[in-house]
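# Coordinates in review
Below, each chain spelled out in residue letters.
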Amino acid sequence: MLDCEVKSSWTQFLEFIESRCSSAEFQNWIAPIRLIEATPDKVILEVPNVYVQDYLLDNFKEVLCNFLPLLASGEPAIQFLIATEKPTTSTTGSAPEPVEELPSNELCLNPLYTFENFIEGPSNQFVKSATVGIANRPGKSYNPLFIHGGVGLGKTHLLHSIGHYVKEHHRKLRVQVITTEGFINDIVDHLKAKSIDKMKRFYRTLDVLLIDDIQFLQNRLGFEEEFCNTFETLLNQNKQIVITSDKPPAHLKLSERMVARLEWGLVAHMGVPDLETRVAIIKHKSERRGLNIPNQIAFFIAEHIYNNVRQIEGAINRLCAHSKLMSENLTEEIVEKILSELFQHNAPNKKISVEEILKSVAAVFEVRVSEIKGESRHKEIALARQVAMYLAKEMIDDSLMKIASSFGGKTHSTLLHAWKKITDQVQMNEMLRRQVQMIRRNIETI
Ligand code: ADP
Ligand code: MG
């Protein structure tokens, strides 16, 4: 039985540790630990072997004391189960199915990568619902599901979420998550040990195969064929396959046959989360860490870190570390100082022109560039003009007079007035603030 409060303390413990050790360390030593039972008096943890148990106690006993129930002696009240011992305690009378197990292939899911911990927004909603659909009915909807998108956007997170869900809700199904590198290493090891048939059998008995980072299969010709064969065997048996990649199938340097297989089912793109979703992620992750970040500061961070959720997490880790040392409240200045290396600025050498700004502003406000440059006092046009002036002053390193003259011969005081007005308005007007942010980003990525 899992007591909710103790279970959530365990999750918080995992988050705390993840922020303090390397991801390899976390994956090797912490991720394989499973919480089996949690009551206010004790927790039962399942570990793959005694080394993991020792590692946990040797390194994190004190930290564990802060999160878990304690014995009278002050030690954390943990009982360990070694995973391989478990089948002997099974009480069912029916003969167990003969299943091929490869010791190196235990299912290793990051405990934090669950659907519950995933924040949805317009950029990832489609992929999220596709993965939920698959987790509910593996092999019965899109097959394969191919997820592609940039680094740090949550592809691995959703892949592992499917793994957790299937493990919990379809206990009979055999699910495995692998990295493409891991698959290749497996082939190499089994070739060496002359046990390649055993490996093939293992993969081919799976019901759900989750493959991370298929781009690493590029330029590995010998392995591609083995991969493709395994893949086809599983697909032909309606076994579910989900693949992630940093590019869409057609952009991968793989054989036509392989690309065709990858495109067979559903190809889904994972985009960069928009400002609001980033704010929601910041709020969610910081709250779980016990850090209270005011909305204004969350927006400030979200505006400066925009294309990688992993970096957002890095920012929260830093703020957590600092918040322990600081008594003062977080202000934009302090946050900027702490996070300056993480904040994304335009490339310093990129020269932005007024024309570029005018075009982007005109597009967002749905007016013409000539109207912005003209004299019209129509509300929409005047606002677009002021925003363009504001952005020009913010983004172009030139004299005010010179910038102003690019706006159809306006004076530098008109420009300053516009800049001041928009500076005030973006503080108060959420919609305008978003429009300005969008235009700015568009200009920066031209
Ligand atoms: P990818 O595999 O696309 O490079 P990851 O899945 O490793 O990215 O995600 C990077 C980090 O960001 C992970 O810690 C993940 O939990 C987190 N993350 C990404 N997107 C979200 C989201 N929408 N909600 C919550 N956490 C997210
Ligand atoms: Mg990944």
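It should be noted that the structure appears before, not after, this text.
Residues numbered from 1 in each chain as written. Chains lettered and ligands numbered in written order. Predicted model: local features only at pLDDT ≥ 70, side-chain atom pairs only at ≥ 80, totals over all residues. Heavy atoms only, no water.

## A few points about the sheet that holds strand S6 (residues 208–212)
Spatial strand order, S5-S6-S7-S4-S8: 5 strands in an open sheet with parallel pairing. Each edge of the sheet is formed by a strand with only one pairing partner; in this case those strands are strand S5 (175–179) and strand S8 (266–270). For this sheet the average axis-to-axis angle between neighbouring strands, irrespective of direction, equals 15°. Pairing geometry for strand S4 (residues 145–149) and strand S7 (residues 240–245), over 4 bridges, is parallel. Of the residues in S7, the one forming a bridge with Leu145 is Val242. (Pairing = 2+ DSSP bridges. Helix = DSSP H or I, 4+ residues; strand = E, 2+ residues; numbered from the N terminus. Axes fitted to C-alpha atoms, helices over the stretch in contact; angles between N-to-C directions.)

## Some thoughts on the packing of aromatic side chains
One pass over the structure, following the stated rule, counts 9 aromatic pairs. Taken together, a centroid distance of 5.1 Å and an interplanar angle of 65° make the contact between Phe183 and Tyr203 edge-to-face. Highlighted residues: Phe183 in helix H6 (residues 180–192) and Tyr203 in helix H7 (residues 196–204), separated in sequence by 20 residues. On the basis of relative accessibility, which here comes to 1%, the residue Tyr203 falls in the buried class. Sitting above the plane of the Trp419 ring, Lys393 keeps its charged end 4.5 Å from the centroid. (Phe/Tyr/Trp six-rings, centres within 6.5 Å; stacked < 30°, edge-to-face > 60°. Buried < 20%, exposed > 50% of the residue type's maximum accessible area, 1.4 Å probe, protein only. Lys NZ or Arg CZ within 6 Å of the ring centre and 35° of its normal.)

## Side note on unusual backbone geometry
Across the junction of Asn143 and Pro144, the peptide omega takes the value -5°, indicating a cis bond. With respect to the helices and strands, Pro144 occurs in the loop between helix H4 (125–136) and S4. A positive phi angle is found at Lys194, which is not glycine, with a value near 55°. The residue Lys194 is located in the loop between H6 and H7 in this model. Residue classification places Lys194 among the exposed positions, given a relative accessible area of 76%. One non-glycine residue with positive phi stands out, namely Glu366, at about 55°. Tracing the chain through its elements places Glu366 in the loop between helix H14 (354–365) and helix H15 (369–373). Assessed through its relative accessible area of 73%, Glu366 is described here as exposed.

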